[in-house]
Amino acid sequence: MFSTQGPSLRELAIQALSSVERGYDLLAPKFDHTPFRTPDSVLDATADTLRPLGPFRHGLDVCCGTGAGMRVLQPLCQERATGVDFSTGMLTQARTTHPDADWVRADVRALPFTEAFDLAVTFGALGHFLPAERPALFAGVYRALRPGGLFAFPIGAPPPVTSGWYWTLLGFDLAMRARNAVWRPPFVMYYRTCPLHAVRNDLTAAGFTVTTTPLTALGRRQDGSPRYRLILARKAGTPT
Ligand SMILES: C[S@@+](CC[C@H](N)C(=O)[O-])C[C@H]1O[C@@H](n2cnc3c(N)ncnc32)[C@H](O)[C@@H]1O
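If you're wondering where the values come from, they're calculated on a predicted model, not measured in any experiment.

Caption draft 1: Summary view of the domain arrangement of the protein chain. Entries for the protein chain in the domain assignment read domain 1 (37-158 + 195-234) and domain 2 (159-188). Each of domain 1 and domain 2 has a C-alpha centre, and these two points are 24 Å apart.

Caption draft 2: Representation of the sheet that holds strand E6 (residues 209-214) in the model. One open sheet holds the seven strands; their spatial order is E3-E2-E1-E4-E5-E7-E6, and the pairing between them is mixed. Of all the strands in the sheet, just strand E3 (102-105) and E6 have a single pairing partner and so form its edges. Between one strand axis and the next, the sheet turns through 20° on average, direction left out of account. Pairing of strand E4 (residues 117-122) with strand E5 (residues 145-156), which is carried by four bridges, proceeds in the parallel orientation. Considered in E5, the bridge of Ala 120 is made with Phe 151. Sheet strands touched by helix H5 (residues 88-97): strand E2 (81-85) and E3. Its angle to E3, the strand with the most contacts, is close to 175°.

Caption draft 3: Up close: the pairing of E3. The sheet contact formed by E2 and E3 spans four bridges and is parallel. Considered in E3, the bridge of Val 84 is made with Val 104. Handedness of the crossover joining E2 and E3 through H5 is recorded here as right-handed.

Cut-offs and rules
Residues numbered from 1 in each chain as written. Predicted model: local features only at pLDDT ≥ 70, side-chain atom pairs only at ≥ 80, totals over all residues. Domains from an automatic or database assignment. Pairing = 2+ DSSP bridges. Helix = DSSP H or I, 4+ residues; strand = E, 2+ residues; numbered from the N terminus. Axes fitted to C-alpha atoms, helices over the stretch in contact; angles between N-to-C directions. Contact = placed C-beta atoms within 7 Å. Right-handed = clockwise from strand over helix to strand, strands pointing away.

Dropping the structure here:
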């Protein structure tokens with residue numbers, strides 16, 4: 001799973017015993033060589049689906065990490081693209097790779113923007129938020145968007161209970177819950193806390209009108225359903 005340029009097992013263990021923010025600060029220099037960075041295939045499928053809905057003016061990547069989402073935002077946005085994250089280490093990497101974007105350090109549970117963006121995206125980060133934290137996160141994104149703005153992100157279909165992947169993710173989440181029961185600071189990262197129906201309900205409660213579209217380029221499961229869908233959450237109002 002990890003290339004030779006990625007973190008060693010010891011480094012990963014130290015990161016996993018830190019807070020989320022500190023863990024990512026430590027991981028940042030090697031993050032792009034881990035499977036935790038969103039793959040280009042997912043970014044490109046997202047961009048292909050969003051392109052006919054644009055162009056957009058200002059774009060925001062929520063939990064931007066080292067800046068993977070700029071591959072989506074920069075070609076779709078006519079003006080500035082901004083990334084927001086609370087890890088200084090991740091933002092340092094992002095700034096180096098994309099000096100032409102804006103980078104903001106903030107906790108996304110209290111986003112510091114009001115009607116500043118036309119498109120917001122997020123990749124690979126929802127598992128860092130407990131279900132009880134999603135309302136504040138989604139309310140902040142809603143506030144950050146201009147009227148008619150769009151919040152879009154891919155979400156994977158849950159693996160079937162008969163697959164090895166199902167048990168791997170379940171095992172990961174159980175290990176993480178055990179770790180968080182006995183160790184401080186907590187490291188919140190759960191794979192099974194954001195099913196589509198719960199995320200859709202929370203987005204709707206925040207004021208968004210929610211639709212989804214299959215990302216067919218990313219393949220189908222054995223039953224023919226798409227492996228990934230793109231959530232399209234639209235803020236009320238007419239784009240200006
Ligand atoms: C798995 S990485 C994903 C990075 C990038 N979006 C990607 O797909 O490659 C998750 C990111 O979320 C950030 N993050 C987690 N919780 C956060 C919070 N409460 N506020 C801001 N950033 C947060 C972490 O610092 C990390 O950079």
